[in-house]
Structure formats: structure tokens, C-alpha cells
Amino acid sequence: MKHKAILISMIALFMGCSLHAHSPKHKIALIHSYQKGYSGAEEINELFAKELERNHIDFQLQIFYLDCERYDNKEEEKRISLFADSIRQWGGDLIAVLDDQATYSLMACRNPYVSQIPVVFSGVNYPNQGLLKQYPNVTGYIDKPDYYTTCQMIERIMGKVRIHILNGRTVLDKLIWKDLSEQCKGTDINLHQWDKKEALPQNIDNISISDKDDTPYISLPAKLNEYSKLDSTTLVRLSSDSVATRDLMWLSSGVFKYSLFLYTKRDYTTLRIGSLFYNPGFSTINEGFGTKDYMLGGYFAPIETQIKDMADGIKERLDGKMPAEPIKQIAKVHLVNWKVMKKYRIPLKSIPEEYTIMYLPLRERYEVLFTLIEILLVLSILTGIAYLFFIYIREKGRKKDALKKLRFEHESLSLAIEGSSTYAWSFNGKTVTFDQQFCELIKYSRPEMNLEDVINYVHPDEQERFRNNILAMLNRRRRFAQYRCNFDGNGYQWWEFRYSVIHNYEKNPIITGLMLNVQDVKDKEEELINARKLAEKAELKQSFLTNMSHEIRTPLNAIVGFSNLLTTEKEISEEEKQEFASIIDNNTKLLLKLVNDVLELSRIESGNMSFNYEECSAHQFIETVYQTHQVLILPPLEFLKDFPNEDVMIRIDRMRLTQVITNFLGNAKKFTHKGHIKLGYFCNKEKKEVHIFVEDTGPGIPKEELQMIFERFYKRNEFVQGVGLGLSISKIIIEKMDGHIEVQSEINKGSRFTVVLPYI
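The structure reproduced in this document is the subject of the present report. (Residues numbered from 1 in each chain as written. Predicted model: local features only at pLDDT ≥ 70, side-chain atom pairs only at ≥ 80, totals over all residues. Heavy atoms only, no water.)

A closer look at a positive patch on the surface
Next, step 1: A cluster of basic side chains, namely Lys396, Lys400, Lys404 and Arg407, defines a positive patch on the protein surface.
Next, step 2: Within the element layout of this structure, Lys400 appears in helix H15 (residues 367-417).
Next, step 3: For Lys400, a relative accessible area of 52% corresponds to the exposed category. (Patch = residues over 30% accessible without salt bridge, like charges linked within 9 Å, V, L, I, M, F, W, Y side chains within 5 Å. Areas by Shrake-Rupley, 256 points an atom, 1.4 Å probe, with all protein chains shown as cover. Salt bridge = Lys/Arg side-chain N within 4 Å of Asp/Glu carboxyl O. Lys, Arg positive; Asp, Glu negative; His and termini not counted. Charge placed at Lys NZ, Arg CZ, Asp CG, Glu CD. Helix = DSSP H or I, 4+ residues; strand = E, 2+ residues; numbered from the N terminus. Buried < 20%, exposed > 50% of the residue type's maximum accessible area, 1.4 Å probe, protein only.)

In C-alpha cells, the structure reads:
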């Protein structure tokens, strides 16, 4: 049951992971209030998708455009109901709505699907509270206009002005004017209803216009105060239903330099009228901000904040959560468009520091930093130029000193080699050039000589090495080599060639060097070598005699001493007699082995040692040695063997190789008191070698003594029997059979002696 439960859990986990891995994307519909392709639409779509990705929402997106300015209310509701049906058929998971008209029409269309799916709106200025109460599934973010704060912002930038708004008889227009009136009530902002009589010719004639000033106002706010007769800001309401085109053109012209337009809603009329005014416009909503080059700024939530909050709300709704506040106010900021500032020549210092300037170039945003960087860059360039000039002056002086030094070295070299056996030469890859003195030595008319002509002066035994070194010249920057050469016709003498590669070009190398006659040095070296050999022979002979005298005296003293005890002492027990006889016998054998080793060594050095080679099986030979010593190595030591299945044929002197292996086994038995001794072999097919080894668990040999153990009369322990010739003789025997001995050892862990021989 337990295993069954585990299996069911694993299947459930796998299915859960599979379902999660293949979970469908969220289908999100985005409905715009305005027509397709309206100003800023593509930027909003891209920003919306980017914010959904920031919230890690995997989505598919469908976009609809209501085109609210083209249809009346009934047609809008019918059109957006068709959108809802299309989203239902598509299987949408959520509807996102932008701006007032699309939000109102979606709820007013009464399509049943609208109440069944999460709806999130944003950018709404005046939400319909009655409809919202009927749709608990609708949440969103509003940007209720703050008209008074926007008017204060205009005053701070522009001074006292006439602010015009276009306001008609629609429901939205009535809400805007009511809200505006309530916010400005009791403030220093005057409200004024535009009267057509204000545009009569007699009123226009009373206004003087300077012919010299042909630029629109707003080069500086102070200029406005200079020409303006206003002592307070007035907000003028223009009726969109009755104001004439002529009057609008007159208001927006340069006659009133203190007139500007305030956007309170987005429709065809307001967008067109705002572009007619000479002075920049302001706005209480974000529609069109950043896309129109005549809208300077306003107090509202930027589209970036609006879309960000909307995406956060969509994430919350898709996760199945309802916000604590279904309707939230988006954070507002004072925004100013840098591009419009530049168009109307408004200086940056005219903008309060707490206002946010959008689209401000980095150069303007960090003007002080950029100025500092430019100063530092200029200083760096000047410093670099000064440093390069300093380097040039310094290098010019160094070049002059180098030329003097080179001339001095050239003269010194000429004096050094003049009249001696040293000559200069150079090689360019094809020909060798010698100095004049060398050409006179070899009686050669031209200083240049082909390489083959030079090789002819070299001893035949040295010519191949000379050619190889010539080919390897370019790979070695400096080198010297010695050859026997006959340059003067008086026989071969030793010459040393030294060279240095100055330039290494593949096709044209430059190599220069010196030639020295080193025959006198060679003669001195040979004399020293001969003297050293004579001294070594004398030393070896003296050492040999000393060691032999010591090694022979030790067993003889034992033999003589114990023999005298046996003959003179009468009160010796039988047990003691047997012990003395055993000591005499052991020392006799030791003395006999010493004499045999000395004779063996003498035959080896005189070349009289004979070898009887035969082909035999490596396995059979080592098995015979193992069987012979199995009865000699007794407990507590274990005598092990390590023989592989494969066998090879070897050509050896059976007696001599047995002598070497027996010596290894004897040394292992002598120094190993516990553990094991192992005899074995293995084959190295790659090198065609057989490795015969003796391994023990004795005290081991220090690394610094591994090579010394093969020297004559070397003994690690002076109190152990032996004269120290066994390993020396073994090494010579194995080398005579074209092999060698390898040693691996570690202190307190044991040693391994290996004979390496070629196999057939």
C-alpha cells in the first residue's frame, strides 16, 4: 500500500507539472475609446504589453478601437456590445478599457458577458458611479482633473493670462464645468463666459499691436507682465455649440498675446482649436501629451503611470484577487514637455524645480556634469598632447644617447676582436657575410659566402648537426654551438658559433653573431678530464681496498674468534657449541659471497662475464623463482604472487636474471619483519616491455637515497649483513640484457624493485 501511495503521488505530481507546463496564455482584450491609429495609440499598446511582461503575465492580446467621436451613444453601445461578443467567442479572460467613453459604453451596453468577466479600466476622468454599482466585477483607476492646480501651474510659468476652454452642452461638458466651477470658487481664478460681442471691431481697434514684435509671446514670462494689462488670471468658457470660426481664429491669433488654450477633454474640436493658438497649450488630461508640439504641460497622471497601475490591477485580477479599493485615484504630477519648451523658447529656469520635465535630453538634464566632462576631456587632451611632446623630447634625447653608446660599443667590439681569433658574421637566410679579417684567414676574396660553401669547412661528422641548427635558428633567439672546422688549411679545430636573432621575418630574417676559435679551451678541457679520470680511478681503487679490507676483516674476526672459543674453552655447553658453529658457518658463507661478488664485479669490469641467452616464457620463469623461494620465506611474512593471464616470451640469461630476482627477494626478506613480500609481473603492450617486480612492506627508502643504493658498498644499515655490491651488480646485469631497473619506495610503507625487459 505504501508503494502504491507513493506511485499515485508521483503520477499526480507529474500530471500537475505537465498541466502547469502547458497552461494556456491569458487572453486579454484591450479597448481604446478612440479611432485606430489615433495619436499615441501604438505607443500605448507597446507600453501596455511591456507592463504585462513586467508583471510576468503570459498573455495573448486583442485590441479594439471604439472610435467614439464617430458614433452617437446608441451606436457606440451597440458597437462595443459586438466587441464583447467577439471577446466571448475568443475565450477572453479579462477586458482592459482605456478612457471615459469606452468604459461608460461597455457598462451601458448591458451585454451579459460584461458582468461575467473581470474588467479593469484606466484613464477615466469622470466614472459613472451608478453603473459601477451594478458591476462589482469592474475595477479601475481614475484621473479626476484638478483644474485649480493646473491653473496655478499656468500662472507660475506664464504669469497672469486668459485661459480658454471649449465647453458645450454634452453630459461630459456639464460635468467638467460644474467641477471646474466648484474648484475655482473662492480662489483668485476668475471665471468668464465668452460673449460674441467681445469680438466686435470697435473692441479690437482699442488694442495696439507692435509691428516690430513679430514673434509669438512666451519668449520670457517677464515679457508677458510688461505688455499685459491683466492683474489676475481669467478662465474663459467658449461654447463649442455657438462660437464662430472667425471668433476662434481671432482669439487664437497674436492679437491677445496673453491668451492660451486649456484641454479639458479629447475630441476632434479641441485638438484642432488648440493647434490654432500662438501660445502653448496646457491640459488637465494626459491624452495627446508628448505627441502634440503645442501642448506644454499640465497637472495629471502621465500615460506611463496610468498603464503601469492598470497592469498591476490586471495581475491582481488574474490571480483571483479583488482590490481593497475597487476605484483608485492615479498619482498626479506636474508635467512639462521639453520639446514644446524649445519650440516656444521658454528657458529652463522658468520651470519650477518640483515640476517633472519630460523628454529632457541627457545633455540638458545633467548640464553641469556634461560641462565638467567636457572640461575634463579638454584638459585630458591637452595633458595628452603635453605628455606626447614630453615623450618625444625624452625619446629624442635617448635616441641620441643610444647612437653614442652604439658607436662606442662598435668601436670597442672592433678593438676587442682585432688581432684575436674572434670574427663577426651575419646571416640573412640565404648568404653568410664575414668580416674582413676572417676573409683574409680563409683567403676568400668576397665577404659573402653561400651556406653550402660554409658547410664544406665543417667536419663531415658535424655537418648534419650544423644544418639542423641552421634550420632551427629562427625558433631560438640566442644560441651557441661548437663544431670542428678547417678554415686555415692546418687541420680541424674547434670553433664556437654564437648568434642572436635581431629581426625574425619569414622571408628575410636578420641574424648576427661571432665566431671564436676555442681549440685551446678544448685542449685544456681534455687535460682536466683526463686528470679527473685518473684521480677518480685512484680514489675508487683506494675506496675499494678500504671497503674490502673492512668487509673481509669482519667475518674473519668472527670465524677466528668463535673457532678459538670452541678449541680453548672446555666448559661450553652443547647448545652454545651449536650456536658458535652456526655463527662460524654464517660468516663463512658471508665471506664466500663477498669473494664471489668481488670476482663477479671483476669479470664485469674486465668484460669477461659471459651471458648464455635463451628464449623462455616469462610466466614459467617467474613461477619457477616463486616455487624456489616459497620454502625460504616463512611466517609471519606472507609470500604472495601477482601473475596475469597473459604470457610473453623473453630472451634472457636465466641464471643471471635469477641472480637479480633472488637478490631483490633476499633484500626484501632481510628488511621486512611483518606484512608481505610479493613477486609478480605485468606486460606493457604499448612499449613491448615486461615488468618483473618484487614488492615488500618494509621500512622504505628515502627519495634522496633511491639513486645511491646502486653504488658499490652502499649500505643503509651498517648492522645488517651484506657488503653493498648486490644492487650494483644487478644493475649491470640487467643493462647487459638491454633492460633497466626502476625503484618506487615510500617511508614506512614499503618498496618495489622492478626489472624492465623487452619481450619478443
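Alright, that's what it looks like, and here's the rest.
Overview of helix H22 (residues 654-671)
Next, step 1: Its 18 residues give H22 an end-to-end C-alpha distance of 26 Å, which sits within 8% of 26 Å, the value for a rise of 1.5 Å per residue.
Next, step 2: Taken residue by residue, H22 has Arg656, Leu657, Val660, Ile661, Asn663, Phe664, Leu665 and Ala668 as its buried positions.
Next, step 3: The distance from a side-chain oxygen at the start of H22 to the backbone nitrogen of Met655 is 3.1 Å, and the residue carrying that oxygen is Asp653. (Expected span 1.5 Å × (residues − 1). Polar contact = N/O pair within 3.5 Å; in protein donor to acceptor, adjacent residues only side chain to side chain.)

Some words on the pairing of strand E24 (residues 676-684)
Next, step 1: With seven of nine residues buried, E24 lies mostly within the body of the structure.
Next, step 2: Note that strand E22 (residues 638-642) and E24 share five bridges and pair parallel. Across the sheet, Asp642 pairs through a bridge with Gly680, a residue of E24.
Next, step 3: Looking at chain direction, E24 and strand E25 (residues 689-696) are connected through eight bridges and run antiparallel. (Pairing = 2+ DSSP bridges.)

Observations concerning helix H3 (residues 73-90)
An α-helical turn contains 3.6 residues, so any two residues separated by three or four positions project in the same direction.
Next, step 1: Over its 18 residues, H3 runs 26 Å from end to end, which matches the ideal 26 Å to within 8%, given 1.5 Å per residue.
Next, step 2: On its buried side, H3 packs onto strand E1 (26-32), strand E2 (59-65), strand E3 (94-98) and helix H4 (100-108).
Next, step 3: Immediately beyond the C-terminal end of H3, within one or two residues, lies Gly91, with a positive phi of roughly 85°. (Contact = heavy atoms within 4.5 Å.)

Digging into the packing of helix H21 (residues 618-630) against H22
Next, step 1: It is at 11 Å that the axes of H21 and H22 come closest, and there the two elements cross at 50°. Between H21 and H22, the angle is such that the two are oblique. For the pair H21 and H22, the sense of crossing is right-handed. Touching Phe621, Val625 and His629 of H21 are Arg654, Leu657, Thr658, Ile661, Thr662 and Leu665, all from H22.
Next, step 2: Looking at the contact of H21 with H22 residue by residue, the class counts come to five nonpolar, three polar and one charged. (Axes fitted to C-alpha atoms, helices over the stretch in contact; angles between N-to-C directions. Parallel < 35°, antiparallel > 145°, perpendicular 65-115°, else oblique. Left-handed = near helix turned anticlockwise from the far one by under 90°. Nonpolar A, V, L, I, M, F, W, Y, C, P; charged D, E, K, R; others polar.)

Remarks on the sheet that holds strand E26 (residues 740-746)
Next, step 1: Ordered in space as E22-E24-E25-E27-E26, the five strands form an open sheet in which the pairing is mixed. Only two strands of the sheet have a single neighbouring strand rather than two, namely E22 and E26. Each strand of the sheet is rotated relative to its neighbour by a mean of 15°, with strand direction disregarded.
Next, step 2: Each of E22, E24 and E25 is contacted by H21, which is oriented at about 175° to E22, the strand it contacts most.
Next, step 3: Most of the contacts of H22 go to E25, to which it runs at about 25°, and overall it touches E22, E24, E25, E26 and strand E27 (750-758).

A look at unusual backbone geometry
Next, step 1: With an omega of 10°, the peptide bond between Pro635 and Pro636 qualifies as cis.
Next, step 2: In this fold, Pro636 is placed in the loop between H21 and E22.
Next, step 3: At His56, a residue that is not glycine, the phi angle is positive and equals roughly 60°.
Next, step 4: Accessibility expressed as a relative area gives 70% for His56, which makes it exposed.
Next, step 5: Phi at Asp738 is positive, roughly 65°, even though this residue is not glycine.
Next, step 6: Within the secondary structure, Asp738 sits in the loop between helix H23 (726-736) and E26.

Describing the environment of Ser252
Next, step 1: With respect to the helices, strands and loops of the structure, Ser252 is situated in helix H10 (residues 245-252).
Next, step 2: In contact with Ser252, not counting residues within four places along its chain, are Leu276, Phe277 and Tyr278.

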